[in-house]
Amino acid sequence: MVVAQEVGTRTDLSAEDLARVRAVTAPATDFAKAEQFETNPAGKGTTRFSVNQDSFSHFLDNLSFEQEEQFKLGNALFRKIWVSSPSSTQASDGLGPLFNARGCQSCHIKDGRGHPPFEGQAENVSMFLRLSVPPSEPDTRLAMDGVIAGEVGDPVYGTQLQDFAVPGLKAEGRMVIDYTDLPVTLGDGTVVTLREPHYSVADLAYGPLADDVMMSPRIANPMIGLGLVEQIPDEDIMVHADPDDKDGDGISGRPNWTIVPETKAVALGRFGWKAGMATIRSQSAAAFAGDIGISTPLVNLPHGDCTENQPECLKMPTGEQARLGLSEAPDPVLDLVTFYAQTLGVPERRDVEDQAVLAGKAAFYAAGCASCHVPKFVTSRNAENHAHRFQLIWPYSDFLLHDMGEGLADHRSEGQASGVEWRTPPLWGIGLTEEVSGHSFFLHDGRARNLTEAILWHGGEAQKARDVFAAMSEDERANLLDFLGSL
């Protein structure tokens, strides 16, 4: 596999600009005061509104007037509730036939974070179960230049368990979660009770799952800042990759190279829990097909995730109509939804000069958290959208894969990612989770009920940082949590 440019170089910058970028993105060393521009996580696109449930739903502050119109059209489609076929609302039919949600906003509630079922809630509206089996010969996955992308779905149930169905069809089944209490004693004697999830499937409607099926629960990720992440040059992400841990610091981030369906070219994955997607457009098209059962020009599967072993599903009517286009969501639907996802802003940082927040920031660095949750990048000068161009952003992620230990392992590979590896999730906006999403559940399956629990689940390459946190005094932990709450 060939990386586009030598690691550390950037073809979009002059030598002078490159020096400026390296200086401004260098790790912090002075924790007595906030860094310059630290209140602007999305650069000039940072949004400035009162903190409320809509904090993640504003467009980048530096969009043009014409782009605002595109954003609002995309927003309407993102919120659209799709219906089953045939329907009198022909521009909105084609749902399923099997599905996990009826619209994008159903999972990305208020453009925020999904969650496992609340107590007493039966439906998993913003959480689903990924399914796959080990590849056999011949391997049906997409391969190019030594890169293998995607996974092989269960022969009957496909790539994810669909817990809803259109009228006349049975849902595939339902995910069952059982929790076991796992007490952890911190250095000062404080006891924190983690909840360890155990997953199974009930009410399977189409026979048993494959004997070697691998299951992985996933909650929906927040939508903020995605277009800026898309414009971080590969070279600046690869600077932080150290797959063989040559520097001996115990951190060995790896890229998840994937294949872009639009171009059939190898590209750096940076979206999704295991960085399996390289572009927002391909991520959006995959979600349309897999989550809602809606075909697009990029992933033209009008029956969604139905397999050849589900003939009843394949017999159901679809929403394809020649007069509207060749898919259930023809252009410009996918284009507008993609634009919407690319231009959601990031809220302004709060309390950056607060002494507890500054002390927590120092603790964050001292514990080694910033080794993976890399604070800042500068986007490409060549970004197609001027709003994304040459912006200093603060996502707090390296967008690489890391071994997070057995406690978080799903034992399911995805592309180059192994069953113990996860992409470092961005932390920007994390302090507004409860305000926006109405909960404080974190990690890929929402097992952590707060940030303390999320940190204590860290293992593998993050074990050392987790242990430093566990050994802190109550005041030190509170400061670090205040810092995270300010993001």
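Residues numbered from 1 in each chain as written. Predicted model: local features only at pLDDT ≥ 70, side-chain atom pairs only at ≥ 80, totals over all residues. Heavy atoms only, no water.

### Overview of the overall build of the protein chain
Check the secondary structure of the protein chain and you find 13 helices and 14 strands. Taking 487 residues into account, the globule formula puts the C-alpha radius of gyration at 23 Å, and the protein chain, at 22 Å, falls close to it. Considering only C-alpha atoms, the protein chain reaches an extent of 65 × 50 × 45 Å along its principal axes. Each of the 487 residues in the protein chain was classed as buried or not, and the buried ones make up 56%. Contacts in the protein chain between residues at least 24 apart in sequence constitute 69% of all its contacts with a sequence separation of at least 6. (Helix = DSSP H or I, 4+ residues; strand = E, 2+ residues; numbered from the N terminus. Rg over C-alpha atoms; globule rule 2.2 N^0.38 Å. Buried < 20%, exposed > 50% of the residue type's maximum accessible area, 1.4 Å probe, protein only. Contact = heavy atoms within 4.5 Å.)

### Some details on the environment of Val333
Its location among the elements puts Val333 in helix 8 (residues 333-342). Relative accessible area serves as the criterion here: at 15%, Val333 is assigned to the buried category. Separated by 36 residues in sequence, Val333 and Pro297 have C-alpha atoms that sit 9.6 Å apart. Other than its neighbours up to four places away in sequence, Val333 contacts Leu77 and Phe288.

### Comments concerning the pairing of strand 6 (residues 174-185)
Pairing of strand 6 with strand 7 (residues 191-202) involves twelve bridges; the strand directions are antiparallel. Residue pairing for strand 7: Asp181 is matched across the bridge by Arg195. Here strand 6 hands over to strand 7 after five residues, with Gly189 in that stretch at a positive phi of 95°. (Pairing = 2+ DSSP bridges.)

### Quick word on the side chain of Asp111
Mapped onto the elements, Asp111 comes out in the loop between helix 3 (104-107) and strand 2 (127-132). Buried and unpaired, Asp111 has no salt bridge, with Arg79 as the nearest side chain of opposite charge at 5.0 Å. If we ignore the near neighbours within four places in the chain, the residues touching Asp111 are Phe56, Ser57, Phe78, Gln105, Pro222, Met223, Ile224, Tyr340 and Leu344. (Lys, Arg positive; Asp, Glu negative; His and termini not counted. Salt bridge = Lys/Arg side-chain N within 4 Å of Asp/Glu carboxyl O.)

### So, the nonpolar core
In terms of nonpolar packing, the biggest core is built from 111 residues, with Phe288, Phe364 and Leu484 touching the most fellow members. Per element, the largest residue contribution to this core is seven residues, and it comes from helix 8. When near neighbours in sequence (up to four residues on either side) are disregarded, Leu484 contacts Phe364, Leu427, Ile430, Gly431, Leu451 and Ile455. (Core = buried A, V, L, I, M, F, W, Y, C linked by side-chain atoms within 4.5 Å.)

### Here's the deal with the side chain of His402
With respect to the helices and strands, His402 occurs in strand 13 (residues 401-403). For His402, a relative accessible area of 2% puts it in the buried group.

### A look at the packing of helix 2 (residues 65-79) against helix 8
Where helix 2 contacts helix 8, the two axes come as close as 7 Å, and the packing angle between them is 105°. Here helix 8 runs roughly perpendicular to helix 2, going by the angle between their axes. Note on element contacts: helix 8 touches helix 2 through Val333, Leu336, Val337, Phe339 and Tyr340, opposite Gln67, Gln70, Phe71, Leu73, Gly74, Asn75, Leu77 and Phe78. When the residues that make up the contact of helix 2 with helix 8 are grouped by side-chain class, the tally is nine nonpolar, four polar and no charged. (Axes fitted to C-alpha atoms, helices over the stretch in contact; angles between N-to-C directions. Parallel < 35°, antiparallel > 145°, perpendicular 65-115°, else oblique. Nonpolar A, V, L, I, M, F, W, Y, C, P; charged D, E, K, R; others polar.)

### A look at the packing of aromatic side chains
Applying the stated criterion across every chain, the model contains 13 aromatic pairs. Summarising the aromatic geometry, the rings of Trp82 and Phe288 are spaced 6.3 Å apart at their centres and angled 90° between planes, so their arrangement reads as edge-to-face. In this pair, Trp82 is assigned in the loop between helix 2 and strand 1 (98-99) and Phe288 in helix 6 (residues 280-292), connecting sequence segments 206 residues apart. Residue Trp82 is classed as buried on the basis of its relative accessible area, which comes to 1%. The class for Phe288 is buried, based on a relative accessible area of 2%. Aromatic pair Phe99 and Phe164: ring centres 5.7 Å apart, planes at 15°, arrangement stacked. In this pair, Phe99 is assigned in strand 1 and Phe164 in strand 5 (residues 164-165), connecting sequence segments 65 residues apart. On the basis of relative accessible area, Phe99 is assigned to the buried category, the value being 7%. Linked through ring pairs, Phe31, Phe364, Tyr365, Tyr396 and Phe483 together constitute an aromatic cluster. (Phe/Tyr/Trp six-rings, centres within 6.5 Å; stacked < 30°, edge-to-face > 60°.)

### Brief notes about the state of the cysteines
Under the definition given, this model contains one disulfide. Through a disulfide, Cys306 is tied to Cys313; the S-S separation comes to 1.6 Å. Cys313 matches Cys306 in its accessibility class, with the two residues each being buried. Not engaged in a disulfide, the cysteine Cys107 finds its nearest cysteine sulfur in Cys104; these two sulfurs lie 8.5 Å apart. With no disulfide of its own, Cys372 lies 8.9 Å from the sulfur of Cys369, the closest cysteine sulfur. Under the relative-accessibility criterion, Cys372 is labelled buried at 12%. (Disulfide = S-S within 2.5 Å.)

### Comments concerning the pairing of strand 9 (residues 257-260)
Across four bridges, strand 9 lies against strand 10 (residues 265-268) in antiparallel orientation. The partner of Val260 across the bridge, within strand 10, is Ala265. As consecutive antiparallel partners, strand 9 and strand 10 are separated by four residues, and within that stretch Lys264 has a phi angle of approximately 60°, a positive value.

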